[in-house]
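So the chains spell out like this:
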Amino acid sequence: DTAVSQTPKYLVTQMGNDKSIKCEQNLGHDTMYWYKQDSKKFLKIMFSYNNKELIINETVPNRFSPKSPDKAHLNLHINSLELGDSAVYFCASSPQGGAGELFFGEGSRLTVL
Amino acid sequence: SQQGEEDPQALSIQEGENATMNCSYKTSINNLQWYRQNSGRGLVHLILIRSNEREKHSGRLRVTLDTSKKSSSLLITASRAADTASYFCATLQTDSWGKLQFGAGTQVVVTP
């Protein structure tokens, strides 16, 4: 069983569209994250939820909206997609609120044309 | 802003050699972690070192931490072709709940 799973793995879409990426973890962790990895491999934290509560909200355009229906799921919705949103988006979870290791999903590669 | 910065950006070695990469950071930290990322895959946690620790080992990995210099190093001994990957350091700043910040990574290529 995959511990942290993201869907879809690949997403190709046009500028201006709205898209969602879903993430689920079966590790029983309380904390979940979204990270963005750009073409130079730099990883930037976007959001973190702890027990469905938003804890970290970095300087991210408000076109990005995370939603956590329960502590095992954290979805990312992106409105009005722009070329600069092209990246790999990683979901991660942690049992210790970031004080311990993160468990990452395999990533969702978003390409905006 | 970027917290951890790895050096070198890229490293090419032969199987059996040791690989050393360094990470520098800017603020006081709670812990520092190293991750590996194979091409097209997610990141995998390798080792965590707390701010009150100076050295840690895990198999062929050795991590050091010098909080006075705000730097850490990761040594992979007797490297194998399977060690080919990008290696990232990540820091958890003091009084920063859950905000693990990553550097841009060191790309390591191990040739047989």
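In short, a report on the structure. Predicted, not measured: the structure shown is a model, and the values here were computed from it.

## Concerning the interface of chain A and chain B
Working step 1: If you look at the interface, chain A gives 25 residues, while chain B gives 22 residues.
Working step 2: Together chain A and chain B conceal approximately 1900 Å² of surface at their shared face, both sides included; 55% is due to carbon and sulfur atoms.
Working step 3: Where chain A meets chain B, there are two salt bridges.
Working step 4: The shortest N-O distance in the salt bridge between Glu58 of chain A and Lys99 of chain B comes to 2.9 Å.
Working step 5: For the pair chain A and chain B, the interface holds seven residue pairs in polar contact (both at pLDDT 80 or more).
Working step 6: Secondary-structure elements contributing two or more residues to the side of chain A that touches chain B are strand 4 (31–37), strand 5 (43–50) and strand 6 (53–57) of chain A.
Working step 7: Of the residues contributing to the side of chain A that touches chain B, the split by class is eleven nonpolar, eight polar and six charged.

## Considerations on the sheet that holds strand 7 (residues 61–66) of chain B
Residues and elements named next belong to chain B.
Working step 1: The strand order across the open sheet formed by five strands is 1-3-8-7-6, and the pairing between neighbours is antiparallel. The open sheet has two edge strands, strand 1 (5–7) and strand 6 (55–58), and neither has a second partner. In this sheet, adjacent strand axes meet at a mean angle of 20° when their direction is disregarded.
Working step 2: In the sheet, strand 1 pairs with strand 3 (residues 19–24) via three bridges, with the strands oriented antiparallel.

Rules used throughout
Residues numbered from 1 in each chain as written. Chains lettered and ligands numbered in written order. Predicted model: local features only at pLDDT ≥ 70, side-chain atom pairs only at ≥ 80, totals over all residues. Heavy atoms only, no water. Contact = heavy atoms within 4.5 Å. Buried area = accessible area lost by both parts, 1.4 Å probe. Salt bridge = Lys/Arg side-chain N within 4 Å of Asp/Glu carboxyl O. Polar contact = N/O pair within 3.5 Å; in protein donor to acceptor, adjacent residues only side chain to side chain. Helix = DSSP H or I, 4+ residues; strand = E, 2+ residues; numbered from the N terminus. Nonpolar A, V, L, I, M, F, W, Y, C, P; charged D, E, K, R; others polar. Pairing = 2+ DSSP bridges. Axes fitted to C-alpha atoms, helices over the stretch in contact; angles between N-to-C directions.

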